[in-house]
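A look at the structure
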Amino acid sequence: MKKVITYGTFDLLHTGHINILRRAKSLGDYLIVALSSDDFNASKGKEAYYSYEQRKSVLEAIRYVDEVIPEDTWEQKIQDVQKHNVDVFVMGDDWEGKFDFLQDHCEVVYLPRTVGISTTKIKTDLNQA
Ligand code: C2G
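If you're wondering where the values come from, they're calculated on a predicted model, not measured in any experiment. (Residues numbered from 1 in each chain as written. Predicted model: local features only at pLDDT ≥ 70, side-chain atom pairs only at ≥ 80, totals over all residues. Heavy atoms only, no water.)

**Describing the site of the ligand**
What counts here: Nearness here has a simple test: a residue counts as near a molecule or strand if at least one of its heavy atoms is within 4 Å of that partner. Definition of a polar contact: a pair of N or O atoms within 3.5 Å, with one able to donate and the other able to accept a hydrogen when the atoms are protein atoms, and with sequence-neighbouring residues admitted only if both atoms are side-chain atoms. The Shrake-Rupley method, run with a 1.4 Å probe sphere, supplies the accessible areas, and residue values consider only the shown protein chains as cover. In this classification, the charged set is Asp, Glu, Lys and Arg, the nonpolar set is Ala, Val, Leu, Ile, Met, Phe, Trp, Tyr, Cys and Pro, and all remaining amino acids, among them Gly, are polar.
Not every one of the 21 residues close to the ligand is listed here, only the nearest: Lys-46, Glu-71, Asp-94, Thr-114 and Ile-117. One of the backbone nitrogen or oxygen atoms of Gly-92 is found 2.9 Å away from an oxygen atom of the ligand. Contacts to the ligand include Trp-95, whose side-chain N or O atom sits 2.9 Å from an oxygen atom. Computed on the free molecule, the ligand has an accessible area of 630 Å², of which 95% lies beneath the protein chains in the complex. Across the shell around the ligand, the residue classes tally to seven nonpolar, eight polar and six charged.

Structure below.
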């Protein structure tokens, strides 16, 4: 079984998230999403609209997602790859190059972001509505 992992906040789920999840799953047979905890988001300077548990429930309902684990630190990725026997690490290309250190442990793939949509844009547009 070829296992894929990706990381993120996945707040206010949108087609950009769905597109990366679909493409990540297409690279293997089993997709793990390491979902940013509320505390980790705070350390990223992000405050998600939905709580970790709410975001987790949404992700678990997506056909491409096989497992959701918590992302609590920047430093857990190597341990996650080893612990879950991950073959492929996937992120959007806004992170291009940032996680190349994982190449010693698994394949590292950066996929083009979906243009024109983001959680930040949703919040901004709604504030102006
Ligand atoms: N994404 C995308 N297209 C968009 C928006 C997001 O492909 N229009 C991708 C991002 O590149 C990322 C994933 O969707 O791979 C999740 O995005 P976020 O929830 O914004 O996650 P982020 O804040 O980038 O956190 O340790 C890594 C971090 O947890 C990543």
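Let us keep going from here.
**With respect to the pairing of strand β5 (residues 107-111)**
Look at any regular strand and the pattern is simple: side chains alternate between the two faces of the sheet. Applicable threshold: Each residue is assigned to one of three classes by its accessible area relative to the maximum for its type, calculated with a 1.4 Å probe on protein chains only: buried under 20%, partly exposed between the two thresholds, exposed over 50%. Secondary structure counts use DSSP, requiring at least four H or I residues in a row for a helix and at least two E residues in a row for a strand, with both numbered from the N terminus. Two strands form a pair only when DSSP identifies at least two bridges running between them.
Taken across its five residues, β5 has four buried, putting it largely inside the fold. Bridge count for strand β4 (residues 88-92) against β5 is five bridges, and the pairing is parallel. Paired with Met-91 across the bridge in β5 is Tyr-110.

**Focus: unusual backbone geometry**
Backbone geometry places Leu-12, a non-glycine residue, at a positive phi of 50 degrees. Note on placement: Leu-12 falls in the loop between β1 (3-8) and α1 (15-25). With relative accessibility at 17%, the residue Leu-12 sits in the buried group. Even without being glycine, Asn-85 reaches a positive phi, approximately 55 degrees. By secondary structure assignment, the location of Asn-85 is in the loop between α4 (77-83) and β4.

**Considering the sheet that holds β1**
By definition, the strands of a sheet pair up through backbone hydrogen bonds, in either a parallel or an antiparallel sense. How we decide: To obtain an axis, a line is fitted to C-alpha atoms, over the contacting stretch when the element is a helix, and the angle between two such axes runs from 0 to 180 degrees between their N-to-C directions. By the convention used here, residues are in contact when the closest approach between their heavy atoms is within 4.5 Å.
Across the sheet, five strands lie side by side as β3-β2-β1-β4-β5; this open sheet has parallel pairing. Where the open sheet ends on each side, the last strands, each with one partner, are β3 (67-71) and β5. Going across the sheet, the axis of each strand differs from the next one's by a mean of 25 degrees, ignoring polarity. Across the sheet, helix α3 (residues 52-60) lies against β2 (30-36) and β3, angled at about 165 degrees from β2, the strand it touches most.

Note that every value here comes from positions in space, so none of it alone points to a role or purpose.
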